[in-house]
Amino acid sequence: MEPDLGLADHEDFTYLDASATLAAVEDSLVVRRRAEARDLALAAHWADLHATDPQQGPGVRRREWRGEDRLIDLGGEGTPPVQELCLAELATSRRVHPHSARRVVADALDLRHRLPSWWRAVHDLRLEAWIARKAAALSRSLDYHAVAVVDAALPEGLAEVSPARLLEVVRAKVIAADPAAHQAKLDEEKRRRYVSLSQTDEFGLRHVIARVRAGDAAWIDAMVDRVADLLAPTFPAGTTKDELRSEAFGWLARPAELLQLLLDGVPDPDFEQADLAAAFRGLDPARLRPQVVLYLHLHQAAINGKGCVECGIAAVARVEDIGPLLASEVPEWLGHTNVTVKPVIDLADQHAVDAYEHPDSVAERIHLRCPADCFPYGNQVTRDLDLDHVEPFVPGTPGQTGDHNSQPLSRTAHRAKTFAGYTVRQLRPGEYVWRTPNGRYTRVNHHGTTALTEQVGSGLLSDDPLDQAIAQMTLDLQATGRARVPRDLVSS
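Residues numbered from 1 in each chain as written. Predicted model: local features only at pLDDT ≥ 70, side-chain atom pairs only at ≥ 80, totals over all residues. Heavy atoms only, no water.

### Considerations on the packing of aromatic side chains
We count it as follows: The criterion for an aromatic pair is that two Phe, Tyr or Trp rings (for Trp, the six-membered ring) have centres within 6.5 Å, with stacked assigned to planes under 30 degrees apart, edge-to-face to planes over 60 apart and tilted to the rest. To qualify as a helix, a DSSP run of H or I must reach at least 4 residues; to qualify as a strand, a run of E must reach at least 2; elements of each kind are numbered from the N terminus. Each residue is assigned to one of three classes by its accessible area relative to the maximum for its type, calculated with a 1.4 Å probe on protein chains only: buried under 20%, partly exposed between the two thresholds, exposed over 50%. Only when the NZ of Lys or the CZ of Arg is both within 6 Å of the ring centre and within 35 degrees of the ring normal is a charge said to sit over the ring.
Counted under the stated rule, the structure contains 4 aromatic pairs. Ring centres of Tyr-356 and Phe-393 lie 5.2 Å apart, and the angle between their planes is 80°; this geometry places the pair in the edge-to-face category. Of this pair, Tyr-356 sits in the loop between strand S8 (352-353) and helix H15 (360-369) while Phe-393 sits in the loop between strand S9 (386-389) and strand S10 (401-402), placing them 37 residues apart in sequence. Relative accessible area serves as the criterion here: at 48%, Tyr-356 is assigned to the partly exposed category. The exposure class assigned to Phe-393 is partly exposed, which follows from its relative accessible area of 22%. Clustering of aromatic rings is evident, with ring pairs tying together Phe-375, Tyr-422 and Trp-434. Taking the ring centre of Trp-251 as reference, the NZ or CZ of Arg-254 above it sits at 5.0 Å.

Have a look at this one:
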């Protein structure tokens, strides 16, 4: 018999307007999170009911194990063992494969016993269950003491942090807590590298599939781009960049012709192999290398090579578009390169230009301050984002492009902001308040996204400085228990 959940087979939502529909969606979010938290609690309780050793007790004779039920460890160190064969029945009620039931029990036990802050956050409905489960799986290899580093990494302003950024923090903490295990995993994965070819299709084309070091992949990608640019003048107008890159990839298999192309800038059909030695004598190899910019973010402790000595934490770096890695891995990436160290940019300064386009210097500042999509709950962390003028650009007005009036947006978010009726104001460099077409308010900053009440959101968007100040004071009180009173408000 199907359970009666009090829900109609097909609920009629036709009576809801746009605002009421969004309110119902928000209510459904709470219902779903509560159900998923309950699901994890039930999985942990099922484990509790099957925690006794079936091979011990009155009437049980010890003998060689022949497949009977037994206790197994599902979670990481510090979690209680569970009877192995109980998982099949749990899977039946969950209508999943036993392996799936095994994973949910392991995650539930890890969260309850090893990551209690994450467990509470799920049950307080502040954190999506799938994110907590991912954190549990990522940290399962850590011992009971080291995993405390991951548990402590859960930020207080949880609703503000996007899942991708939160899980990147988890990966970094796991690496830092057990660098030896991370290095062993690296060595293991390096032995699984390969290059292979697919079957030739009916058009005479094949896929080249490779698993290589991330640094080598970046260099190959840059070289393919450079060769594609050199080949472009020799192809008909309208040839796409993808076609040119495919042609360029083929040139990597012809090193002599490739060298000639890189030296002269254009392919020469009359090039002779004998010319290669003469051309190569006295050549600076750096001239042939593509230009690659590696954005590496390091804490001062990592630069000093110390990490956190007193707590046994290794130094971890973050490479843009790659993620966290041990600081000791960086030399491997840079071993075949000429390194140019760029000076640190002081983001406390304010820069603006008159042009509509964002020059490289301004774009760099914006990305360093806002590395992710600044649309509410945006999670793209990349430099390949549109740079948007928060206040629309007005030709003839100087100084509109700069720190005070710019934000990175994905193309879809940019279109929504431009054409779908969104309102946005930049409160300060790197901080924005948004209003959706149907009156939902959010604040976006370097922490992520925070939902705002209508009172606070409308106050921040108000043209009245007093309304803005009151709204900002309310936000400060909610975040820290203290409010900053603007000086101009005090003086008035």
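There is more to say, and it comes next.
### Points about the pairing of strand S6 (residues 316-319)
The condition is simple: Only strands that DSSP links by at least two bridges are regarded as paired with each other.
Of the strand pairs in this sheet, strand S5 (residues 296-297) and S6 are connected by 2 bridges, and their pairing is antiparallel. Bridge pairing in S6 places Leu-296 opposite Val-319. Of the pairings in the sheet, the one linking S6 to strand S7 (residues 323-326) comprises 4 bridges and is antiparallel in character. Bridging from a neighbouring strand, Val-316 pairs with Leu-326 of S7.

### Topic: the sheet that holds strand S13 (residues 431-435)
Whether parallel or antiparallel, the strands of a sheet pair through hydrogen bonds between backbone atoms. Convention followed: Between N-to-C directions, angles cover 0 to 180 degrees, with each direction set by a line fitted to C-alpha atoms, over the stretch in contact for helices.
If you trace the 4 strands from one edge of the open sheet to the other, you get S12-S13-S14-S15, paired in antiparallel fashion. A single partner strand is all that each edge strand has here, and the edge strands are strand S12 (423-428) and strand S15 (448-452). Recorded for the sheet is a direction-independent mean angle of 20° between the axes of neighbouring strands.

### Details of the sheet that holds S6
Just so we agree on the cut-off: Whether two residues are in contact is decided by their heavy atoms: any pair within 4.5 Å suffices.
Sheet architecture is open: 3 strands sit in the order S5-S6-S7, paired in antiparallel fashion. Looking at which strands have only one partner, the edges of the open sheet turn out to be S5 and S7. Each of S6 and S7 touches helix H7 (residues 163-177); the most contacted strand, S7, lies at about 5° to it.

### Here's the deal with the pairing of S12
Here S12 runs beside S13; their pairing, made up of 5 bridges, is antiparallel. Its bridge partner being in S13, Val-424 is matched across the sheet by Trp-434. Between S12 and S13, which pair antiparallel in sequence order, lie 2 residues; one of them, Gly-430, sits at a positive phi of approximately 90°.

### Quick notes on the pattern of salt bridges
To keep it simple, the criterion reads: One speaks of a salt bridge when a side-chain nitrogen belonging to Lys or Arg is within 4 Å of a carboxyl oxygen belonging to Asp or Glu.
Under the definition given, this model contains 29 salt bridges. Between Asp-110 and Arg-140 there is a salt bridge; the shortest N-O distance is 2.6 Å. Taken together, the positions of Asp-110 in helix H3 (residues 98-113) and Arg-140 in the loop between helix H5 (129-138) and helix H6 (147-152) put the pair 30 residues apart, joining distant regions of the chain. What makes Asp-110 buried here is its relative accessible area of 1%. Between Asp-403 and Arg-369 there is a salt bridge, with its nearest N and O atoms 2.8 Å apart. Of the two residues, Asp-403 is situated in the loop between S10 and strand S11 (406-409) and Arg-369 in helix H15; the sequence distance between them amounts to 34 residues. Salt bridges linked by common partners bring Asp-107, Asp-110, Arg-114, Arg-133 and Arg-140 together as one network.

### Regarding the environment of Val-394
You can see Val-394 is positioned in the loop between S9 and S10. Spatially, the C-alpha atom of Val-394 lies 8.8 Å from that of Tyr-356, the residues being 38 residues apart in sequence.

### Describing the nonpolar core
Filter applied, for reference: The nonpolar core is taken to be a set of buried Ala, Val, Leu, Ile, Met, Phe, Trp, Tyr and Cys residues, with the residues joined through side-chain atoms within 4.5 Å.
Formed by 41 residues in total, the largest nonpolar core has its most connected members in Leu-40, Val-105, Leu-111, Trp-118 and Leu-127. Elements with a minimum of two residues in this core: helix H1 (18-49), helix H2 (86-94), H3, helix H4 (116-123), H5, H6 and H7. Broken down by element, the residue count for this core peaks at 7 residues, all from H3. Leave out the neighbours within four places in its chain, and Leu-40 touches Val-104, Ala-108, Leu-111, Trp-119, Val-122, Ala-129 and Arg-133.

### Some details on the confidence of the model for the protein
Note the following rule: What pLDDT reports is the predictor's confidence in each residue, on a scale of 0 through 100.
Per-chain confidence: the protein averages 83 in pLDDT, with 80% of residues scoring 70 or above. Considering only residues more than four positions removed or in separate chains, one finds that residues 487-492, a stretch of pLDDT under 50, has 4 contacts.

### Let's talk about the environment of Leu-385
Tracing the backbone shows Leu-385 in the loop between H15 and S9. Put simply, Leu-385 and Ala-372 are 13 residues apart on the chain and 8.6 Å apart in space, counted from C-alpha to C-alpha. Among all residues touching Leu-385, those that are not within four sequence positions of it are Ala-372, Asp-373, Gln-380, Pro-408, Leu-409 and Ser-410.

### A few points about the side chain of Asp-373
Threshold: Within 3.5 Å is the distance limit for a polar contact, defined as a pair of N or O atoms, with the added protein rule that one can donate a hydrogen and the other accept it, and that residues adjacent in sequence qualify only through two side-chain atoms.
In this fold, Asp-373 is placed in the loop between H15 and S9. A distance of 3.3 Å separates the side chain of Asp-373 from the side chain of Ser-410, its partner in a polar contact. Filtering out sequence-adjacent residues up to four positions away, Asp-373 remains in contact with Gly-378, Asn-379, Gln-380, Leu-385, Pro-408, Leu-409, Ser-410 and Ala-413.

### Thoughts on the packing of H3 against H4
What counts here: Angles below 35 degrees are treated as roughly parallel, those above 145 as roughly antiparallel, those between 65 and 115 as roughly perpendicular, and all remaining angles as oblique. Ten residues, namely Ala, Val, Leu, Ile, Met, Phe, Trp, Tyr, Cys and Pro, are considered nonpolar, four, namely Asp, Glu, Lys and Arg, are considered charged, and the remaining ones, Gly among them, are considered polar.
Two numbers describe how H3 lies on H4: the axes approach to 5 Å, and their chain directions differ by 110°. With respect to their mutual orientation, H3 and H4 come out roughly perpendicular. Residue-level contacts link Ala-108, Leu-111 and Arg-112 of H3 to Pro-116, Trp-118 and Trp-119 of H4. Across the contact of H3 with H4, the residue classes break down as 5 nonpolar, no polar and 1 charged.

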